[in-house]
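Survey of secondary and tertiary structure
As a plain string of letters, each chain reads:
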Amino acid sequence: MDLAHPLAVVTPTLDGDILAVLALVDTAFTPRQLHGMLSQHSEDGIRRALRRLTSQGIVSDARAGNAYLYRLSRSHLAAEPIIELARMRQTFLARLEDRLGSWAVAPVYGAIFGSVARGSMRIDSDIDLLLIRPDEGDRDRWDDLVAQLTADVTAWTGNDTRVLEFSESEVLRSGRQEPVLRDVVAHGLTVAGTADWLRRALPAKEPNDARS
Amino acid sequence: MPGARRCTPQVREGRLAKANQFVAVARDVADLADQAKDVADAYVTLLVHAGIAAADVICCARLGEYAHGVDHNDAIALLKTADAAAARHLETLLKMKTRVGYGHTPASQEDLKKAQRAGDALLKAARAV
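The notes below deal with the structure included here. Please read all numbers here as calculations on a predicted model, not as lab measurements.

**Focus: the environment of R62 of chain B**
Along the polypeptide, R62 of chain B turns up in helix α2 (residues 40-63). What makes R62 of chain B buried here is the crowd of 21 C-beta atoms within 10 Å. As for R62 of chain B and L79 of chain B, which are separated by 17 residues in sequence, their C-alpha atoms are 9.2 Å apart. If sequence neighbours within four positions are ignored, R62 of chain B has contacts with L24 and V25 of chain A together with A82, D83 and V129 of chain B.

And the structure:
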């Protein structure tokens, strides 16, 4: 699946993208405003899709001067499941946070990075997850938890899950030399621990750099 | 909304980069200081700017427009239509902005904590939208 187009799991059409925008905010949009947000689609196409959705009753329209304003009809029987689908990215991150928070061997830090974090995900993108393992703790138990999570994330999304794992001491010792960790600091979506831990673990300069 | 400006992908990306930059420099400022209270006003001011940039990202993603050159109340109202929880955090930061940036009394330890909490929450929400 593509978390940037959550309704594509049920309808890989413009209608799904429009519903995803309307579902996340209780406000009305003109077709032009929607076109600004969904610029890969034509404004005419957006108008036609809005007419289809209005005829189903899931979108309501109201005239404002010369323009029509469209919003999700929140009393419609289908509104709730559509809102749930539209919130899939938030649901995914929250579920991941809950899972990692329940681990007997708690990660020092965890974050989603790569295309999911950068908003450039595609239907066949991997889900990249960084996990920083504590130096102490049952290693076999940790490995089991990571393996189970990897399988579960793939089952939740249909995408391959790639876990990038470091120990806490590896990050503190040589993490500064790992470009991927810098990428996580800049764009990562924290799902365990705090982003501040990773940032502090990767000082921008070696202590001597300041004097040079 | 009057005063709101249409957002482009470049605006969204640029505002997120600035939010990240302000937070990173705020932390660096705090780390380099002997005592947090010595740099509390600079720290909070940077977090206020980070929060404003993060709020723009959330508005861009959800509404296709962001507050530009409008007063604080309008900015909060616009964000509220996109994310009510984020709007409360922005309100917390904007309440501190004038006092910390232009006033003569130093930011308190409580201000520092509140700004950090609000700034972190807004940045997290901006990255996740």
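From this point, things continue past the structure.
**Examining the packing of α2 of chain B against helix α4 (residues 84-102) of chain B**
Residue and element names in this part refer to chain B. Where α2 contacts α4, the axes come no closer than 9 Å and their chain directions differ by 140°. Here α2 runs over α4; the crossing is left-handed. Taking contact as the criterion, the partners of D41, V44, T45, L47, V48, G51, A55 and I58 in α2 are, on α4, A86, H89, L90, L93, M96, K97, V100 and G101.

**A word on helix α3 (residues 72-82) of chain B**
Within α3 of chain B, the full set of buried residues consists of A75, L78, L79 and A82 of chain B. Take α3 of chain B and look down its axis: the buried residues cluster within an arc of 95°, on one side only.

**Topic: the packing of helix α1 (residues 9-32) of chain B against helix α5 (residues 109-128) of chain B**
Two numbers describe a pair of packed helices, the interaxial angle and the distance between the axes. All names here are of chain B. Two elements in contact, α1 and α5, have axes whose closest approach is 11 Å; the angle formed by their N-to-C orientations is 150°. Judged by the inter-axis angle, α1 sits roughly antiparallel to α5. Of the two possible hands of crossing, α1 and α5 adopt the one that is left-handed. Two secondary-structure elements touch here, α1 through L16, A19 and V23 and α5 through G119, L123 and A126. Counted by class, the contact of α1 with α5 contains five nonpolar, one polar and no charged residues.

About the cut-offs
- Residues numbered from 1 in each chain as written.
- Chains lettered and ligands numbered in written order.
- Predicted model: local features only at pLDDT ≥ 70, side-chain atom pairs only at ≥ 80, totals over all residues.
- Helix = DSSP H or I, 4+ residues; strand = E, 2+ residues; numbered from the N terminus.
- Buried ≥ 20, exposed ≤ 12 C-beta atoms within 10 Å, placed from the backbone.
- Contact = placed C-beta atoms within 7 Å.
- Axes fitted to C-alpha atoms, helices over the stretch in contact; angles between N-to-C directions.
- Left-handed = near helix turned anticlockwise from the far one by under 90°.
- Arc of directions from axis to C-beta.
- Parallel < 35°, antiparallel > 145°, perpendicular 65-115°, else oblique.
- Nonpolar A, V, L, I, M, F, W, Y, C, P; charged D, E, K, R; others polar.

The values are spatial; any link to function lies outside them.
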